[in-house]
Amino acid sequence: ELFTWADLGAEEKAAIRAATLAEANGARLLAGTARLNQGIARRNLGDPKAALAIYEQARKLFSEARDPAGLASTINGMGNCKYDLGDLPGARQSYEEVLRIYREVGNKRGEAGAIGNIANVIGDQGDLAGGVRMAEQALVLFQEIGDGAGEAEQLNNIGAALVMMGDIKGSRALFARAVP
């Protein structure tokens, strides 16, 4: 067992303590990181609504500190919470904001991940073909940067969409590529 629910609770408590100390000392970047970790723990504990409020605190801190990496990670977490809560338009808006940030700073891995998240939302909104087209864009980026895990994830996502679209033969070929 890699972790227990008690570990996640302890992780969240540690993040709260770190954020409180950092905020008291004016360390915005450290406070933002601690709030980001707190939001991750809260979501992992199954409370995306509470995590969303925590992520909003982190977002404010990263914005004030002018840290695009922390800001993008936080907004991505917010998108994940919105996705969990069934707010697909809100999730897509968050992922599109993340994509814009990663493109501005030239982070190809982040860009590919954001495109993959957008692809998932598009597919879940009923446009499977559109989701596949977006996932193929993410796949190309993951291949360009040599990220095998990201590549496998996109192959799996495209294959699952093809199954839902009735293309079993095409899906089998992608699943075989995803798991060599």
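Quick look at the structure, then.

Analysis parameters
- Residues numbered from 1 in each chain as written.
- Predicted model: local features only at pLDDT ≥ 70, side-chain atom pairs only at ≥ 80, totals over all residues.
- Heavy atoms only, no water.
- Buried < 20%, exposed > 50% of the residue type's maximum accessible area, 1.4 Å probe, protein only.
- Helix = DSSP H or I, 4+ residues; strand = E, 2+ residues; numbered from the N terminus.
- Expected span 1.5 Å × (residues − 1).
- Contact = heavy atoms within 4.5 Å.
- Salt bridge = Lys/Arg side-chain N within 4 Å of Asp/Glu carboxyl O.
- Patch = residues over 30% accessible without salt bridge, like charges linked within 9 Å, V, L, I, M, F, W, Y side chains within 5 Å.
- Areas by Shrake-Rupley, 256 points an atom, 1.4 Å probe, with all protein chains shown as cover.
- Polar contact = N/O pair within 3.5 Å; in protein donor to acceptor, adjacent residues only side chain to side chain.

Here we come to unusual backbone geometry. The phi dihedral of R66 is positive, around 55 degrees, even though this residue is not glycine. R66 gets classed as exposed once you look at its relative accessible area, which sits at 76%.

Looking now at helix α2 (residues 28-44). Given a rise of 1.5 Å per residue, 17 residues ought to cover 24 Å, and the 24 Å separating the end C-alpha atoms of α2 matches this to within 8%. Residues of α2 that are buried: A31, G32, A34, R35, L36, Q38, G39 and A41.

This paragraph deals with the side chain of Q154. With respect to the helices, strands and loops of the structure, Q154 is situated in helix α8 (residues 148-164). Sequence-distant contacts of Q154, defined by excluding residues within four places in its chain, comprise G116, A135, A138, L139 and F142.

Another aspect to go through is the pattern of salt bridges. This model, assessed by the stated rule, comprises 11 salt bridges. With a shortest N-O distance of 3.2 Å, K60 and E64 are connected by a salt bridge. Of this pair, K60 and E64 both sit in helix α3 (residues 48-65), 4 residues apart, which is roughly one turn of the helix. For E64, a relative accessible area of 35% corresponds to the partly exposed category. A single salt-bridge network, built from bridges that share partners, covers R28, K60 and E64.

With that settled, the discussion passes to a nonpolar patch on the surface. A surface patch of nonpolar side chains, about 210 Å² in accessible area, is lined by V163, I168 and F175. With respect to the helices and strands, the residue V163 is situated in helix α8.

So, about the environment of E23. Take E23: it is sitting in helix α1 (residues 5-24). What makes E23 partly exposed here is its relative accessible area of 36%. Between the C-alpha atoms of E23 and L61, which are 38 residues apart in sequence, the distance is 9.3 Å. Once residues within four sequence positions are removed from consideration, E23 is found in contact with A31, R35 and L61.

Attention shifts here to helix α6 (residues 108-124). Think of an α-helix as turning once every 3.6 residues; residues three or four places apart then point the same way. An ideal rise of 1.5 Å per residue puts 24 Å on 17 residues; α6 measures up with 24 Å between its terminal C-alpha atoms. Counted residue by residue, α6 has 12 buried out of 17 residues, so it is predominantly covered. Of all the residues in α6, the buried ones are G110, E111, A112, A114, I115, G116, N117, I118, A119, V121, I122 and G123. Contacts from the buried residues of α6 go to α4 (68-84), α5 (88-105), α7 (128-145) and α8. Two to three positions downstream of the cap, the backbone nitrogen of R109 sits 3.2 Å from a side-chain oxygen, assigning the N-cap of α6 to N107. Looking at the residues trailing α6, positive phi occurs at G126, about 105 degrees.

The analysis is restricted to geometry; functional conclusions fall outside its scope.
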